Structure formats: structure tokens, C-alpha cells
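What follows is each chain in one-letter form.
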Amino acid sequence: MNRSLRWVVVLGMIGGLAACGGDSKPVAPIPNEPIPPPPAPVAGVWLKGDLHVHNDHSSDGSAPRQLADDRGPGNVSIQDQIAFARLNGLDFLPLTDHRTHDQHYDPNWESSDLLLITGEEANGSPHATVHGAVESIVQGSTGDDDNGDLRRLQQSIWDAHSQGAAWITAHPDDGETEEDGTPNARASAVGVHLVETWNKASNIEAEIDYAENRWNAGFRFGIAGGSDNHFRELWLLAGPGLPTTQVHANGRSERGILDGIRAGRTRLHADALSPVATLTGDFDGDGVFEAIGGDEVIVPAGTAGRLRVAVENGMGTTVHVYTAPGRSAGALASYRPGLLELNATYDLDIVTPETPVWYRVEVRGLSLPHSVDTSDVPVSAIPMPLQLPNQLRATASPLFISTAPVEARPELPTPADSGRDDGAQGVLGAAGRFAGFADLAVADGITHVVAEVHEPGATRVQYRRAGSTAAPQTLSASDSARFPQIAAHGHQLWVVWQDESAGQQPRRPAILMRRSDDGGASWQAIETLRAIDGRAERPGIAATPSGEAIVVWQEIRRDEPFDIYAQVLGRDSAPVNLSREGKTFRSANLLDSRSSSYPASVWPRVAVGIDGRIAVVWQDNRHDVDPLWTGQTFSGEGTDPDDWQVRLRTRAAGAESWGEPLDLGASDAADRHPAVAFDGDGRLVLAWESKPLRSSGVDLVVLSARETSSSAFTEPQPIDVGARGMGQYVRLGRQPDGRVRAAWADSRSADWRWRVMTAVLDGETWTNATLLPSRGNNTWPATAGGRIVFSSSRNALRLQRDATQQIFVVTPR
């Protein structure tokens, strides 16, 4: 390959040619060597899905609900949508319900035929679909400044990035544009991976115009299609897969699909019988088309290239190739496959100009109109029968060609990063790739760190000592290891994680563990702690003063709810279900898909006191009027989100049984993602995030309660009562002096970035919360031994198309 050919490889899939730059100088070395370009041609497989599908977990999930102002029964269940998607030949399916993650806590989120990935339609306005997130994306309030609407949208995007998720702008003609189609302030948000240019329920032509406008302004994203289906009554016209989005993935896995989405490597077509178009490019003249639609190709001006348009099943259609500025300038080239030409290929020679350019392809032909509302389409004055020959049948993401990486030019720019050096040590992660969900343990003065790291099509668990010059150690053996947690007792270490080594159809994560007896120098073989005919997820771990490990996790089986399990390894003969007692659950009846009740217990955390007492906390919605739903027949919208509360159980040192459960939290708020720690006096401290029962437009506040006796706690109070901001994912840890430190991700910085906020419980009072001054977005902190570990995008070189997120450790002042 010609050495003058360079790639900015699409984010999240293959990495990027990003290395540590600027004034970033980690104290400890972090592996930041540039990731080499992909082999040519890029290997992969096209997988078919629909990126925008609802069921009755959405507040307007079906026709009876919408027609009865959400007081009618639901008739579109999770299994209904999965069944139709399977019949329509899809390979994968997210369920993107409005502003909730509850659909994934439903035991019916289960399929052997489709690869299910997590999804959500986030935000009150504008809407977006988020794929691969681990929890609902919370849209905060707009605040008091003039750009509050854009700020909260940008923070939502960065929140999704911090989870390794993909962000897709949904129906931009209904959120990002004015009535005349002009982009509004929301269109300035940077970091979108795909934009819906083919939402079956919207104005497709306006959506294409919006995408071309943004590409001309330097934005770099691929395209998405979605049925946006809510109604079984419309399945034949706009059911799951109508249209279909194909994603070029480097493996049949959730991570492979997410990598392809984040890379923009997509192509869309109307249905199973419609044409399929693929755009590729060769820019070194070797006859190998190594670039694929969605890629950015960086070559010198004057470089000769060749585009190739391949059309399958295109008989009788018209194929158009457009380049910047787009359709307003007419097609660069048009082709007509013959009526007997099943597959056609067209090559187009181009020369790279001095200024950035993009190329895309679309296929038009005879079809029923695709959009419900065509009143704003320029050709709407033409009688409908005459529009039928020009309906969109297939299209693909553009190829972006430039002489250097292109920055977006939004009308309202994102504030410059005001962060500065925080003295943090880089521990894990590589340039152009994602590392996140870190945990740490401190023992004998050594800080041990684990995190989830992403490679092309794979997620792995890595371990490293903070400050060490040795290379990170990969502890997992599969391509699907996630959410590691670590505990330490002297030189003994335990690391647990969830793993889908058996495959992801159906989803069957198990809880795995590795031990080290020499402080992480070597590790014993992988142990399976829990593997069931269901999902065992989100483990937590802590060490007892006697050198035992206590492990907790959440699990679900068919026709049962999520429950919390705990086991003291070496002491308990079997895991104990901490949450099942007192629950009632039932399946849906035939008249209302929302009549089921499966109260969920999820997000467990565990801590051990210096005397050996154990505490386990989790979030629980058993007190909600309709768990996991917004209402049932005749009951209206119910709660949105659920009335989640924090539930606690403790176990005395040396005891064999657990104490009675205790609930904390308020019935008029969602109390979620709890944290727990013991201080040096053996007093139990809890913290969690809380929000009013509104799905969007409200801020999260971090609350805390302290133990006053074995069965009583102080009234929950905010840890920080300072300036307005939104805090989430709090963690607690005991410091060397016995005080408890809290750390969480907070949104209040003037430059809109997420930063780590921390405070210390000094007696009965929390010290003034301090916002760490770090550069970039800094999220998902954990704390122990007076240190904080967190994820940071500080070494990302671009606000768009750079997946760089790495793990750092800091000792706060």
C-alpha cells in the first residue's frame, strides 16, 4: 500500500491514528501507540437490523394506549416485536423505548433467533436512539444560560460516549430543524455517530437534506434507518425491518455491531425485496477497494481514486451518486440497471480536491410512499401517483475524503476545554479505543486497577498496578468480558466480571473470577462462579478482614424477575437470594401486554466493615404501582420513571444469615445506583442518585444517609448543596484515616464537560464538594484508600470520531 495513504479509522471499530498529544503527560506510562491501519480489504459481515423499534414499555407504545391517552391496554409486547423482526429476516434488534432502560429488566427480553442489544429513545427533545448503553441516558434541565438546550443535548451525547454506546439522531426534521428546514441550535451538537435519514414515520427527503447540510459543515457521521414502529396494526407497512439498516460489523456480537454503528458503516434498504447499495473506494490504485461507506479517507490533494457502487437486485431502478454540496447541485453520475441485471457494478474515477468532499449513493424506484407526512417535501405538489417512481429504495453512508481530519463547524460552537493538569496517572487504555467502568482496590500501599477495554469486535478485562511500567494484563479469555470489579486483602486479589463466552444468542452472561496470591504478579485459572439458563450480571466484590471474598450480582431467568444474589466464597455452600422475599410477580394476560408484573432488583454493591460486617445495597421497584411500566389498563401513565428505592441488607460478622431488608428513598422520586461503605468506626454510609418522577428535563441529585443504629439511618440529604448541576453514578470508599469519600460524575462545569466531583464525610458533615479540574470528559469514578479511578477522554484529538477514553488514577487533595 502506498505510504502516502493514511486513514482516520472510524471510531470504536478499529480505533484511530490518535496518540497522546497537547500537554497530556501522565505520570505513569499509558499505552498510547498509534493503532495501525486496518488490512485491505477490511474484513467484516453485513448484519441486518432496525435501529428504532418500540414496544409497550414506551409510554405510547401501541395504538390502544395512544388512542386512550395511555389508559388503554397495550398490544405490542417485546416478544411481538422480536417475532416480527425474525420473520422479516433481521439479524439483530434493539428495543428503543422512550427514556427508559426497563425493557431490559423484563424477562421477555430474550431471543435465540436474534442478537438483542440494548437500546433507548433518549431525551425529551430532540429525540435520539442510543445503542449499547448500560443505563438510561438522563436528560437534565436546560439551566439558566442561553445555550442550555444545546448544553444538555451535548452532555447527553458525552454520557453515551462514556458508556461506549452509539448515539443516533432520530428524525432530525422533528427536533434539529426549523419549519423551513434550517438547522437550529440543537444541530450544533458534536459527536453523533449516525443520523436517521430514513425514519418511516417522518419526512425522509427533509432528513436527507439535513444530513447533507451537516456534512457540508464538516460533521462526520453515517446514516440510519428505522421503522419507528409502535403499532402492530402497521406491521406490514412499517414493522421492524421496514426499512432495514445493515451494519458492517467485524463479528456477530453486540460489540461488533456497535463498532460498525460508531464507524458509520451502514447501508439502508426498504425491505427484504428491495435493492441493496454498497459504496467502496480504492485510493492507492491497487484494485482493492479498502474504504467503505462511513470511512474517512485522508490522502494528499490530487490523489486519484476510484469509487465503486455495487447494487444488488436493482432491476428497473435509477442509481444516483452525489457529492458535496449534495442534491441541490444534481447527481454527479446516474446509472440504470437493466431489467434483467440482477447485480450491477459501476466505477467512478475521482481526484481528491484541496477542500474536504464526500460522496454518497442512493437508489430510487417504483414504490409506495415511505413517509407519513410529505407536506414539506419539495415534490409534494406533484400528484401522489406520479411520485411513486421516485421513491427511495436503498442508500448507503457517504465516503468522506479530505487531506486532513475535518472538524465540525457548528453554528454554536462547543466551549473550549477549560480543564487543566490534575496530576492523574494513566493506567489503562489505548489511543483511539475505549476503556471504561474501572474499579480499584488499595492494599499495602499498592493501587490495583481493573477496567473494561475494547478492541475491534471485543470487550476484555484488563488489570494493572497504578504507576507500574509493566504492560497491562488481560484477565479474560473471551471477546465479551464486561464490568470488572476488584477486591484486595494484602497480597490476595480477586477480580470478578460478567462474560458471554458461550455466545450472545440468547444472551447468557455468567459471573467469572480470577484470583492472585502475589499481588497481581500472576493469576490463577478462570473460575465460573455463576452460570444459569438466564442472565447473571453486574457483579460486585469485597474482601473480609479474615481474607474471604463476598460476591454479589443480579440475575434473571425466564418468567422470573431480576433478583440479587450474594455468596461468601469458601463459607457459603450456595448463593443466597437477598431480594426475592416479599415479591409478587405475574405474566401478562392476553388483553394487555402491560399487565405483567416483575419487580426488579438490580445494580448491587457490597462493602465490608473493619469488624467483618457485610452490607449489600441495590435499587428495587417492588413498591411501584406498576413495576417496569408506565401504567396499566385504566390506570393511566403510572410512574415515569419507576419509584425505584434503595434496599439494604446486612450480615453480622461470622453470621450465617442475613438481617431483615431496609428501604431508603422517597416514593415521589427514582432513587437509583446506590453505593455503600463502612467508615473506620464501623458506621454504614449509603449514597445514591435521585430524580423526580419525570422522564426528562430534571437534574439528578446525589443523596446520602448515615447509620444511627442497626436499623435506622439519618434522613437522606444532598452531599453537595452548592451550584446547580447534575450528579450520577456515585461511589463510596473508606480512606486510610477511616473517613468515607464520595465520588461521582457531575455536569456543572462551565465548559459543559462531565467532571469528577468528590467530598469527604467528616464526622456528621460532608466537606465542600470539589470538582476535579481534569481535561476532557471524566466519568464513572470509583474510590478506595483515598484514591479515585475514573474514565477520561482527555487524550481524544477530536470532538467527533475519536473514541479515545482511558483510565486514570488520582489522589485528590
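The model shown is predicted, which means the values in this text are computed figures rather than measured ones.

Asker: Explanation requested: the nonpolar core in the structure shown.
Answerer: When a protein is soluble and globular, its nonpolar side chains tend to lie buried together. Core analysis: the largest hydrophobic core is formed by 39 residues, its most contacted members being Val-130, Ile-137, Trp-167 and Trp-215. Mapped by element, the contributors of at least two residues to this core are strand E6 (128-131), helix H3 (148-162), strand E8 (194-199), helix H4 (204-216) and strand E20 (391-402). Filtering out sequence-adjacent residues up to four positions away, Ile-137 remains in contact with Glu-120, Ala-122, Val-130, Ser-156, Asp-159, Ala-160, Gln-163 and Trp-167. By size, the runner-up hydrophobic cluster in this structure holds 25 residues, among which are Leu-307, Val-311, Ile-350 and Ala-394.

Asker: Would you take a moment to explain the sheet that holds strand E23 (residues 446-455) for this structure?
Answerer: Strand pairing in a sheet relies on backbone hydrogen bonds, with the paired strands running either antiparallel or parallel. Taken in spatial order, the four strands make up an open sheet running E22-E23-E24-E25, and their pairing is antiparallel. Looking at which strands have only one partner, the edges of the open sheet turn out to be strand E22 (435-443) and strand E25 (473-474). The pairing of strand E24 (residues 458-465) with E25 spans two bridges and is classified as antiparallel. When the bridges of E25 are listed, Gln-462 appears paired with Thr-474.

Asker: Hey, could you run me through the environment of Glu-537 in this one?
Answerer: Considering the arrangement of structural elements, one finds Glu-537 in strand E30 (residues 534-543). Note: C-alpha distance between Glu-537 and Arg-393 (144 residues apart in sequence) is 41 Å. What Glu-537 contacts, discounting residues up to four positions off in sequence, is Gln-498, Pro-509, Ile-511, Trp-553, Gln-554 and Phe-562. Of note is the side chain of Glu-537, whose polar atom sits 3.4 Å from the side chain of Arg-535.

Asker: Would you take a moment to explain the confidence of the model for the protein chain for this structure?
Answerer: For residues with low pLDDT, the predicted coordinates do not support detailed interpretation. Looking at the protein chain, the pLDDT average stands at 91 and 92% of residues meet or exceed 70. Every residue in residues 31-39 is under pLDDT 50, and counting partners more than four places away or in other chains gives 26 contacts. In this model, residues 372-382 is a region of pLDDT below 50 whose contacts with residues beyond four sequence positions or in other chains number 14 contacts.

Asker: Quick question: what am I supposed to make of the pattern of salt bridges here?
Answerer: Where charged atoms of side chains with opposite charge meet at close range, the side chains can pair. The final tally for this structure, using the stated rule, is 56 salt bridges. Close ionic contact of Arg-535 with Glu-537 constitutes a salt bridge, the shortest N to O distance being 3.4 Å. Each member of the pair, Arg-535 as well as Glu-537, is classed as buried. With a shortest N-O distance of 3.9 Å, Asp-762 and Arg-739 are connected by a salt bridge. You can see Asp-762 sitting in strand E45 (residues 755-762) and its partner Arg-739 sitting in the loop between strand E43 (727-734) and strand E44 (740-746), a full 23 residues away along the chain. Through salt bridges with shared partners, one network takes in Glu-205, Asp-209, Glu-212, Arg-327, Arg-360, Glu-362 and Arg-364.

Asker: Please clarify how the sheet that holds strand E18 (residues 343-351) should be interpreted in this entry.
Answerer: Here we have four strands laid out as an open sheet, ordered E13-E12-E15-E18, and antiparallel in their pairing. Since the sheet does not close on itself, it has two edges, and those belong to strand E13 (291-292) and E18, each with one partner. Summarising the sheet, strand E12 (residues 276-282) and strand E15 (residues 304-312) pair through seven bridges and their orientation is antiparallel. If you follow Val-276 over to E15, its bridge partner there is Glu-312.

Asker: Looking at this structure, how should I read helix H2 (residues 78-87)?
Answerer: Residue pairs spaced three or four apart in an α-helix point in one direction, given the helix's 3.6 residues per turn. When we look at burial in H2, the residues that qualify are Ile-78, Gln-81, Ile-82, Phe-84 and Ala-85. Buried residues of H2 fall within an arc of 165° about the axis and therefore sit on the same side. The elements touched by buried residues of H2 are strand E3 (92-94), strand E4 (115-117) and helix H5 (235-238).

Asker: I'm lost on the packing of aromatic side chains in this one. Help?
Answerer: Two aromatic rings, taken as a pair, are described by how far apart their centres are and by the angle between their planes. Following the criterion strictly, the structure yields 16 aromatic pairs and no others. For the pair Phe-790 and Phe-808, a centre-to-centre distance of 6.4 Å together with 25° between the ring planes defines the contact as stacked. Separated by 18 residues along the polypeptide, Phe-790 in strand E49 (residues 787-792) and Phe-808 in strand E50 (residues 806-810) bring together distant segments of the chain. Phe-808 carries the same exposure label as Phe-790, and that label is buried. Through successive ring pairs, a cluster of aromatic residues spans Phe-434, Phe-437, Phe-483, Trp-603, Tyr-729 and Trp-780. The residue whose ring lies beneath Arg-538 is Phe-483, and the NZ or CZ to ring-centre distance is 4.5 Å. Just above the ring of Trp-603 sits the side chain of Arg-538; from NZ or CZ to the centre is 4.0 Å.

Asker: Would you mind showing me how to read unusual backbone geometry here?
Answerer: The omega angle of the peptide bond from Gln-505 to Pro-506 is -5°, so this bond is cis rather than trans. Structurally, Pro-506 is set in the loop between strand E27 (492-499) and strand E28 (510-516). Residue Asp-640 is joined to Pro-641 through a cis peptide bond whose omega torsion reads 5°. Considering the arrangement of structural elements, one finds Pro-641 in the loop between strand E35 (614-620) and strand E36 (645-651). Even without glycine at this site, Asn-123 takes up a positive phi of about 75°. One can find Asn-123 in the loop between strand E5 (119-122) and E6. Positive phi outside glycine occurs at Arg-801, with the angle close to 60°. Mapped onto the secondary structure, Arg-801 falls in the loop between E49 and E50.

Asker: For this particular structure, what's the right way to read the environment of Thr-345?
Answerer: Here Thr-345 is to be found in strand E18. Along the sequence, Thr-345 and His-193 sit 152 residues apart, while their C-alpha atoms lie 28 Å from each other.

Asker: What am I meant to see in the pairing of E43 here?
Answerer: Every other side chain in a regular strand lies on the same face of the sheet, so the side chains alternate between the two faces. Counting buried positions over the eight residues of E43 gives seven, a clear majority of the element. Of the pairings in the sheet, the one linking E43 to E44 comprises six bridges and is antiparallel in character. From the neighbouring strand, Leu-732 faces E44, where its bridge partner is Ala-742. What sits between the antiparallel neighbours E43 and E44 is a turn of five residues, in which Gly-738 has the positive phi angle 90°.

Asker: How should the pairing of strand E16 (residues 318-323) be read in this particular structure?
Answerer: Where burial is concerned, most of E16 is hidden: six out of the six residues are buried. Neither face of E16 is open: one carries Thr-318, His-320 and Tyr-322, the other Val-319, Val-321 and Thr-323, and all of them are buried. As paired elements, E16 and strand E19 (residues 357-365) share six bridges and run antiparallel to each other. Of the residues in E19, the one forming a bridge with Val-319 is Val-363. Direction of pairing for E16 relative to strand E17 (residues 333-335): antiparallel, over a ladder of three bridges.

Procedures and definitions
Residues numbered from 1 in each chain as written. Predicted model: local features only at pLDDT ≥ 70, side-chain atom pairs only at ≥ 80, totals over all residues. Heavy atoms only, no water. Core = buried A, V, L, I, M, F, W, Y, C linked by side-chain atoms within 4.5 Å. Buried < 20%, exposed > 50% of the residue type's maximum accessible area, 1.4 Å probe, protein only. Helix = DSSP H or I, 4+ residues; strand = E, 2+ residues; numbered from the N terminus. Contact = heavy atoms within 4.5 Å. Pairing = 2+ DSSP bridges. Polar contact = N/O pair within 3.5 Å; in protein donor to acceptor, adjacent residues only side chain to side chain. pLDDT = per-residue confidence, 0-100. Salt bridge = Lys/Arg side-chain N within 4 Å of Asp/Glu carboxyl O. Arc of directions from axis to C-beta. Phe/Tyr/Trp six-rings, centres within 6.5 Å; stacked < 30°, edge-to-face > 60°. Lys NZ or Arg CZ within 6 Å of the ring centre and 35° of its normal.

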